[in-house]
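Commentary on secondary and tertiary structure
Spelled out from the first residue to the last, the chains are:
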Amino acid sequence: MKLLFDEHLSFKLVSRLNDIFPNSKHVSDVGLKFANDKDIWDYARNNKFTIVSKDSDFVDFADLYGHPPYLIWIRSGNIRVDQIEHLIRKYTIRIISIFENNEVGMLQLK
C-alpha cells in the first residue's frame, strides 16, 4: 500500500513512514504541488495510491466517485509532522486492513 500526501501535509512524511508505506509520495514528488483536488484524485486512482489529506474536499470526492482511491482524512487540526506520523503509525494495521479488504473508502484519523 502506498500513500499520496496532499500539499498541506509535509513532504517529510514520505521518508518518515517509508518503513511501513514504501513507495509513498508527496504531491510535489509527482508534479501535482499546485494541482486541483480532482487531478490529485485522478492521479491517485490511476496509480493506486491512498490519499492522505486534511482537505474535506476529498471527502466530497469519496462520496461522489466512490473508491478507489482510498482516503485517510486527518482531522486533528494544526499538528506537527511528528504527531501526524505518530497518528498514522498508531492506526497502520487498521489502515491496511480496511483498505485491503475494501471495507470502507475513507478513514478519519483524529
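Residues numbered from 1 in each chain as written. Predicted model: local features only at pLDDT ≥ 70, side-chain atom pairs only at ≥ 80, totals over all residues. Heavy atoms only, no water.

Turning our eyes to something else, we now look at the environment of Val-27. As for its placement among the helices and strands, Val-27 is situated in the loop between strand S2 (25-26) and helix H2 (37-46). You can call Val-27 buried: its relative accessible area is 0%. C-alpha separation for the pair Val-27 and His-8, spaced 19 residues apart in sequence, amounts to 9.6 Å. Setting aside residues up to four positions removed in sequence, Val-27 forms contacts with Leu-4, Phe-5, Asp-6, Glu-7, Leu-32, Lys-33 and Ile-40. (Helix = DSSP H or I, 4+ residues; strand = E, 2+ residues; numbered from the N terminus. Buried < 20%, exposed > 50% of the residue type's maximum accessible area, 1.4 Å probe, protein only. Contact = heavy atoms within 4.5 Å.)

A few words now on the nonpolar core. Formed by 19 residues in total, the largest nonpolar core has its most connected members in Phe-5, Val-52, Ile-72, Ile-88, Ile-95, Phe-99 and Leu-109. Breaking this core down by element, the ones donating at least two residues are strand S1 (2-5), helix H1 (12-16), strand S4 (71-74), helix H4 (81-90), helix H5 (92-100) and strand S5 (106-109). Discounting chain neighbours no more than four positions away, the residues touching Ile-88 are Phe-5, Leu-17, Phe-21, Val-52, Ile-95 and Leu-109. Grouped together as the second largest cluster of nonpolar side chains are 15 residues, Ala-44, Phe-49, Phe-58 and Trp-73 included. (Core = buried A, V, L, I, M, F, W, Y, C linked by side-chain atoms within 4.5 Å.)

Judged by pairing direction, the sheet is parallel, and its five strands sit side by side in the order S2-S1-S3-S4-S5 without closing on themselves. The sheet terminates laterally at S2 and S5, the two strands that pair on one side only. Summarising the sheet, S4 and S5 pair through four bridges and their orientation is parallel. Counted as the bridge partner of Trp-73 is Gln-108 from S5. (Pairing = 2+ DSSP bridges.)

Direction vectors running N to C along H2 and helix H3 (residues 57-65) enclose 55°, while the axes themselves pass 10 Å from each other. Taken together, the axis directions place H2 and H3 in an arrangement best described as oblique. Crossing angle aside, the handedness with which H2 passes H3 is right-handed. Only Asp-57, Phe-58, Phe-61, Ala-62 and Tyr-65 of H3 make contact with H2, whose side of the interface consists of Asp-37, Lys-38, Ile-40 and Trp-41. Looking at the contact of H2 with H3 residue by residue, the classes come out as six nonpolar, no polar and three charged. (Axes fitted to C-alpha atoms, helices over the stretch in contact; angles between N-to-C directions. Parallel < 35°, antiparallel > 145°, perpendicular 65-115°, else oblique. Left-handed = near helix turned anticlockwise from the far one by under 90°. Nonpolar A, V, L, I, M, F, W, Y, C, P; charged D, E, K, R; others polar.)

Honestly, that's just the spatial picture; any functional story needs more than this.
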